[in-house]
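Breakdown of the fold
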Amino acid sequence: MACRITELVLDCHDPDRLAEFWCAVLDYEVIGHEPDGLALGPAGARFGEGAVTLILAQTDNPRAGKLPLHIDVSPAGTDQETELARLTALGARPADVGQTGEESWVVLQDPEGNEFCLLRKDVGPA
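Anyway, here's the lowdown on the structure attached to this text. By convention here, each chain's residues receive numbers from 1 onward along its written sequence. Restriction of local features to residues with pLDDT of at least 70 applies here, the model being predicted, together with a cutoff of 80 or more for giving and counting side-chain atom pairs; totals for whole chains, interfaces and linings are based on all residues. Note that water and hydrogens are dropped before the side-chain values are worked out from all heavy atoms of the structure.

With respect to the side chain of Asp110
Definition in use: Each helix is a run of DSSP H or I of at least 4 residues and each strand a run of E of at least 2, with the numbering of both proceeding from the N terminus. Buried residues are those whose accessible area, probed at 1.4 Å on protein chains only, stays under 20% of the maximum for their type, while exposed residues exceed 50% and partly exposed ones sit between those limits. Residues scored as positive are Lys and Arg, those scored as negative are Asp and Glu, and His as well as the terminal groups of each chain are ignored. Salt bridges are defined as contacts in which a side-chain nitrogen from Lys or Arg sits within 4 Å of a carboxyl oxygen from Asp or Glu. A 3.5 Å cut-off defines polar contacts: any pair of N or O atoms within that distance qualifies, except that in protein one atom must be a possible hydrogen donor and the other a possible acceptor, and neighbouring residues in sequence count only when both atoms are side-chain atoms. The contact criterion used is simple: two residues touch if any of their non-hydrogen atoms lie within 4.5 Å.
Within the element layout of this structure, Asp110 appears in the loop between strand E7 (106-109) and strand E8 (115-118). For the buried residue Asp110, which engages in no salt bridge, the nearest side chain bearing the opposite charge is Arg93, 5.9 Å off. A polar atom in the side chain of Asp110 sits 3.1 Å from the side chain of Trp22. Those residues in contact with Asp110 that lie beyond four places of it in its chain are Leu10, Leu18, Phe21, Trp22, Arg93 and Phe116.

Some words on the packing of aromatic side chains
Where two aromatic rings form a pair, the distance of their centres and the angle of their planes describe that pair. What counts here: Each Phe, Tyr or Trp ring (for Trp, its six-membered ring) is paired with any other whose centre lies within 6.5 Å, and the angle between the two planes then decides the class: stacked below 30 degrees, edge-to-face above 60, tilted in between.
Considering all chains together, one arrives at 3 aromatic pairs under this definition. Ring geometry for Phe21 against Trp22: centres 5.2 Å apart, planes inclined by 85°, an arrangement best described as edge-to-face. When its relative accessible area of 3% is taken as the criterion, Phe21 is described as buried. Residue Trp22 is classed as buried on the basis of its relative accessible area, which comes to 1%.

Regarding the pattern of salt bridges
One pass over the structure, following the stated rule, counts 1 salt bridge. Residue Glu83 pairs with Arg86 through a salt bridge whose shortest N-O separation is 2.7 Å. One end of the pair is Glu83 and the other is Arg86, both in helix H2 (residues 80-90) and 3 residues apart, which spans about a single turn. Classification of Glu83 as buried rests on a relative accessible area of 10%.

Topic: the environment of Thr6
With respect to the helices, strands and loops of the structure, Thr6 is situated in the segment before strand E1 (7-12). A sequence separation of 43 residues divides Thr6 from Glu49, and the C-alpha atoms of the two residues are 7.9 Å apart. With near-sequence residues (within four places) excluded, Thr6 lies in contact with Phe47, Gly48, Val52 and Thr53.

Observations concerning the nonpolar core
Quick note on the threshold: Joining through side-chain atoms within 4.5 Å is the link that ties buried Ala, Val, Leu, Ile, Met, Phe, Trp, Tyr and Cys residues into a set, and such a set is a nonpolar core.
Within the largest apolar cluster, 20 residues are counted, with the highest numbers of intra-cluster contacts made by Trp22, Leu40, Leu54, Leu56, Leu87 and Phe116. If you tally residues by element for this core, the top one is helix H1 (residues 15-26), at 6 residues. Other than its neighbours up to four places away in sequence, Leu56 contacts Leu10, Cys12, Pro15, Leu18, Ala19, Trp22, Asp36, Gly37, Leu38 and Leu40.

Things to note about the pairing of strand E3 (residues 37-41)
Note the following rule: Paired strands are those between which DSSP finds at least two bridges.
Within E3, 5 of the 5 residues are buried, leaving the element largely enclosed by the surrounding structure. With 5 bridges connecting them, strand E2 (residues 29-34) and E3 associate as antiparallel partners. Within E3, the position partnered with Glu29 by the bridge is Gly41.

Remarks on unusual backbone geometry
Here the phi dihedral of Asp27 falls at roughly 55°; this positive angle occurs in a residue that is not glycine. If you trace the backbone, Asp27 turns up in the loop between H1 and E2. On the basis of relative accessibility, which here comes to 64%, the residue Asp27 falls in the exposed class.

Some thoughts on the sheet that holds E7
Keep this limit in mind: To obtain an axis, a line is fitted to C-alpha atoms, over the contacting stretch when the element is a helix, and the angle between two such axes runs from 0 to 180 degrees between their N-to-C directions.
In space, the 4 strands of this open sheet follow the order E5-E8-E7-E6, with mixed pairing throughout. Edge positions in the open sheet fall to strand E5 (71-73) and strand E6 (93-94), since each of these has one partner strand only. Inspection of the sheet shows E7 paired to E8 by 4 bridges, in the antiparallel sense. Paired with Val107 across the bridge in E8 is Cys117. Packing of H2 onto the sheet brings it into contact with E7 and E8, and relative to E8 it is tilted by some 150°.

Next comes the structure, spelled out in C-alpha cells:
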C-alpha cells in the first residue's frame, strides 16, 4: 500500500480570479466548489483519478516570504519561449527567488504572487 498525491492546496485571496489564471495555464476547469474555495482539474476529472486536482482555498491571511513548496509546469506541445509568452499574456510575471540566470527553468509568479517554475522540456500534447 502507498499514498498518492491527489490534490495541491494553494491559499489565495480571490479563488475566482486565480481559477481563471490556473485553468488557462493547465487547461483545467472548475470541477468543484468547496466551502472556502474552488477545485480545479481536467474536464470530466474525478477525484483521485489521473491528474492532480488544484484546490484554491480562500484565506485572509497573507503569506510571508518564499513559498516552501511550489508548482513546476512544463510546455506541452511547444517550446519554453513560446509558453513563457503565453503565460505572461495570461498574467504571470517574472519572480526573483535568488536564481543565477543559468537555470534551465524560468521562475514566475501567478497574479497573487505565488511562485511557480516553467521548465524547459516539452512533454508533448496532453
